[in-house]
Amino acid sequence: MKLYHKDVFMPSAIADIPTKIVPVKWTQHATIKAQLFNIPLCNEVVYSGKDIIEAEVHHGHLTKIMIRKRYDAKYDLCLVLRAIMQGIIVVTVWLNDKNDMHCTLDDSRYDR
């Protein structure tokens, strides 16, 4: 398994992904988190490589991504998506303050 972060290294094959619209199903955990943050459940997620903050690759296949997208003036929406046999699932979701700069990022966790 390879784990990448945009602030450490992101392969161009991931960073350059064009805009995609993917159908998603929500896990029970993600549904509870969405309700907690008052985030509407959607049936599709739109993203591109520029939205991907973290990516997990197994045997050359993208298996998990964390994306961050604009939510409102104060927050960004963060979603973890995982590819499974039945399609794409939302594993978890949260709101992140736009000013959060992640000064605590442990770059030793990520591949280069």
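Everything discussed here concerns the structure shown above.
Residues numbered from 1 in each chain as written. Predicted model: local features only at pLDDT ≥ 70, side-chain atom pairs only at ≥ 80, totals over all residues. Heavy atoms only, no water.

Draft legend 1. Quick peek at the overall build of the protein chain. Looking only at helices and strands, one finds two helices and seven strands in the protein chain. Put simply, the protein chain runs from its N terminus to its C terminus through helices and strands in the order β-α-β-α-β-β-β-β-β. Here the C-alpha atoms of the protein chain give a radius of gyration of 14 Å, agreeing with the 13 Å that 2.2 N^0.38 yields for 112 residues. For the protein chain, the spread of C-alpha atoms along the three principal axes comes to 35 × 35 × 25 Å. Scored against the burial criterion, the 112 residues of the protein chain give a buried share of 39%. (Helix = DSSP H or I, 4+ residues; strand = E, 2+ residues; numbered from the N terminus. Rg over C-alpha atoms; globule rule 2.2 N^0.38 Å. Buried < 20%, exposed > 50% of the residue type's maximum accessible area, 1.4 Å probe, protein only.)

Draft legend 2. Structural context of the sheet that holds strand E1 (residues 2–5). As summarised here, the arrangement of the seven strands in space is E1-E4-E5-E6-E7-E2-E3, forming an open sheet in which the pairing is mixed. The two strands at the open ends of the sheet, each matched to only one other strand, are E1 and strand E3 (44–47). Looking at each pair of strands side by side, their axes are set apart by 30 degrees on average, direction ignored. Set on the sheet, helix H2 (residues 28–36) makes contact with strand E2 (20–26) and strand E7 (87–97); between it and E7 the angle comes to about 30 degrees. (Pairing = 2+ DSSP bridges. Axes fitted to C-alpha atoms, helices over the stretch in contact; angles between N-to-C directions. Contact = heavy atoms within 4.5 Å.)

Draft legend 3. Broad picture of the pairing of E7. Bridging between E2 and E7 involves three bridges; their strand directions are parallel. Opposite Lys-25, over in E7, you have Ile-89 as the bridge partner. Looking at chain direction, strand E6 (residues 75–84) and E7 are connected through ten bridges and run antiparallel. Note on E7: the bridge partner recorded for Arg-82 is Ile-89.

Draft legend 4. Spatial organisation of the pairing of strand E4 (residues 52–58). Counting buried positions along E4 yields six of seven residues, so the element is predominantly enclosed. In this antiparallel pair of consecutive strands, E4 and strand E5 (residues 61–70), the connection spans two residues, and His-59 shows a positive phi of 50 degrees.

Draft legend 5. Quick look at the packing of aromatic side chains. The final tally for this structure, using the stated rule, is one aromatic pair. Ring geometry for Tyr-4 and Phe-9: centres 5.9 Å apart, planes at 65 degrees, overall edge-to-face. Residue classification places Phe-9 among the partly exposed positions, given a relative accessible area of 35%. (Phe/Tyr/Trp six-rings, centres within 6.5 Å; stacked < 30°, edge-to-face > 60°.)

Draft legend 6. Layout of the pattern of salt bridges. Within this structure, the stated rule accounts for nine salt bridges. Between Glu-56 and Lys-64 there is a salt bridge, with the nearest N and O atoms lying 3.8 Å from each other. With respect to burial, Glu-56 and Lys-64 carry one shared label: buried. Measuring nitrogen to oxygen at the nearest pair gives 3.3 Å for the salt bridge that ties Arg-82 to Glu-56. You can see Arg-82 sitting in strand E6 and its partner Glu-56 sitting in strand E4, a full 26 residues away along the chain. The exposure class assigned to Glu-56 is buried, which follows from its relative accessible area of 7%. Residues joined in a network through salt bridges with shared partners are Glu-54, Glu-56, Lys-64 and Arg-82. (Salt bridge = Lys/Arg side-chain N within 4 Å of Asp/Glu carboxyl O.)

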